[in-house]
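Residue-level structural notes
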Amino acid sequence: MPRTVEKPEALTLLDEHRRSLFGDGEGCVMCALVERSVDGAELLAEGEHGVALLDRFGSRVGHTLIVSRRHVEDTSSLGWEAYADLQRLAYEASLALERELSPARIFIAVLGASAQLPMSFPHFHVHVLPVYETGEGARPAAVFSWTSGVLVYEDEEARALAERLRAAWPDPRA
Ligand SMILES: [Zn+2]
């Protein structure tokens, strides 16, 4: 099972992650994730306009991100075709998560910061977030936040879970 780390440790890990991508330079983490996803262990599915990735800094087991291939910050700049393609991936992700992990509920959300923040990115992405509990802890405000900790997978755990989700992924043509 992935372990849950507190926000300060998560910020340190995220900073290390950013450094592994850019060294001391700057860049868009989401763009880098899309670029590296080609042979990445986290890649769950691909669409014309985006990729579905297991979030390595997720809120719950199976937390998935659908990330636009193009660096676009606003929904309106995506255009309908790209938006629809990304939402189709989100739909497929929710089917795969339901099949494989049987969550109590799945939230799908477009969030993202209006500026680059350590844990939030303006590059367009859709969260597909399974929740397993049903009480207070399952409220959107609780799960879309790092205040109650962040899941960190070991590489092997991430690879194994991604494999299960890829196997459960619906056929896009079905
Ligand atoms: Zn970007």
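Residues numbered from 1 in each chain as written. Predicted model: local features only at pLDDT ≥ 70, side-chain atom pairs only at ≥ 80, totals over all residues. Heavy atoms only, no water.

A short note on the packing of helix H1 (residues 7-22) against helix H2 (residues 29-36)
Cut-off, in case you're wondering: To get an axis, a line is fitted to the C-alpha atoms, and for a helix only the part in contact is used. The angle between two axes follows their N-to-C directions and goes from 0 to 180 degrees. Strands are runs of DSSP state E lasting at least 2 residues, helices are runs of H or I lasting at least 4, and numbering of each runs from the N terminus. Throughout, a crossing is termed right-handed when the near helix is turned clockwise from the far one, and left-handed when it is turned anticlockwise from it by less than a right angle. Two residues form a contact once any of their heavy atoms are found within 4.5 Å. Nonpolar residues are Ala, Val, Leu, Ile, Met, Phe, Trp, Tyr, Cys and Pro. Charged residues are Asp, Glu, Lys and Arg, and all others, Gly as well, are polar.
At a minimum axis distance of 11 Å, the contact between H1 and H2 shows a crossing angle of 65°. Helix-helix and strand crossings are classified by hand; for H1 and H2 the assignment is left-handed. Of the residues in H2, those in contact with His 17, Arg 18, Leu 21 and Phe 22 of H1 are Val 29, Ala 32, Leu 33 and Arg 36. A breakdown of the residues in the contact of H1 with H2 according to their chemical character gives five nonpolar, one polar and two charged.

A short note on the coordination of the zinc ion
Stated formally: Here a donor is an N, O or S atom found within 2.8 Å of the metal, or within 3.2 Å if the metal is Na, K or Ca; sites may look incomplete because water is not among the atoms. Labels for metal geometry use angle windows, namely 85 to 135 degrees for all angles of a four-donor tetrahedral site, and for square planar (four donors) or octahedral (six donors) sites opposite donors over 155 degrees apart plus all others within 65 to 115; sites meeting none of these are irregular. Note on exposure labels: buried denotes an accessible area under 20% of the residue type's maximum, exposed denotes more than 50%, and partly exposed covers the range between, all computed with a 1.4 Å probe on protein chains only.
Around the zinc ion, the protein contributes the donor atoms Cys 28 (SG), Cys 31 (SG), His 71 (ND1) and His 123 (ND1), at 1.9 to 2.3 Å from the metal centre. Taken together, the four donor atoms coordinating the zinc ion span angles of 105 to 116° at the metal, a pattern that classifies the geometry as tetrahedral. Spacing between the donor residues of the zinc ion along their common chain follows C-x2-C-x39-H-x51-H. Note that His 71 is positioned in the loop between strand E4 (64-68) and helix H3 (75-78) and His 123 in the loop between strand E5 (105-109) and strand E6 (125-131), a separation of 52 residues in sequence. Residue classification places His 123 among the buried positions, given a relative accessible area of 0%.

Thoughts on the pattern of salt bridges
Note the following rule: Throughout this description, the term salt bridge denotes a Lys or Arg side-chain nitrogen within 4 Å of a carboxyl oxygen of Asp or Glu.
Summed over the entire model, instances satisfying the criterion amount to twelve salt bridges. Between Glu 42 and Arg 56 there is a salt bridge whose closest N-O contact spans 2.7 Å. Linking Glu 42 in the loop between H2 and strand E2 (43-46) with Arg 56 in the loop between strand E3 (50-54) and E4, this pair joins segments that are 14 residues apart in sequence. Glu 100 is the salt-bridge partner of Arg 164, the closest N and O atoms lying 2.9 Å from each other. Here Arg 164, found in helix H6 (residues 155-168), pairs with Glu 100, found in helix H4 (residues 80-101); they are 64 residues apart in sequence, far enough to count as distant. Here Glu 100 falls in the partly exposed class, since its relative accessible area comes to 28%.

Description of the nonpolar core
Put simply, the rule reads: Joining through side-chain atoms within 4.5 Å is the link that ties buried Ala, Val, Leu, Ile, Met, Phe, Trp, Tyr and Cys residues into a set, and such a set is a nonpolar core.
One finds Ile 66, Val 128, Tyr 153, Leu 161, Leu 165 and Trp 169 to be the most contacted residues of the largest nonpolar core, which totals 28 residues. Contributions of two or more residues to this core are made by E2, E3, H4, E6 and H6. At eight residues, H4 tops the list of elements feeding residues into this core. Apart from residues no more than four positions distant in its own chain, Ile 66 is found in contact with Val 51, Ala 52, Leu 86, Leu 89, Ala 90, Ala 93, Phe 124, His 125, Val 126 and Val 128. One finds Leu 21, Cys 28, Val 29 and Phe 121 within the second-largest nonpolar core, a separate group that totals 13 residues.

Remarks on the sheet that holds E3
Put simply, the test is: Here, a strand pair is defined by DSSP locating no fewer than two bridges between the strands.
Reading across from one edge, E2-E3-E4-E6-E5 is the order of the five strands in this open sheet, with antiparallel pairing throughout. Both outer strands of the open sheet, E2 and E5, are each paired with one neighbouring strand and no more. Direction aside, neighbouring strands of the sheet carry axes that sit 15° apart on average. Inspection of the sheet shows E5 paired to E6 by five bridges, in the antiparallel sense. Following the sheet pairing, Arg 105 is matched in E6 by Val 131. Set on the sheet, H4 makes contact with E2, E3, E4, E5 and E6; between it and E4 the angle comes to about 165°.

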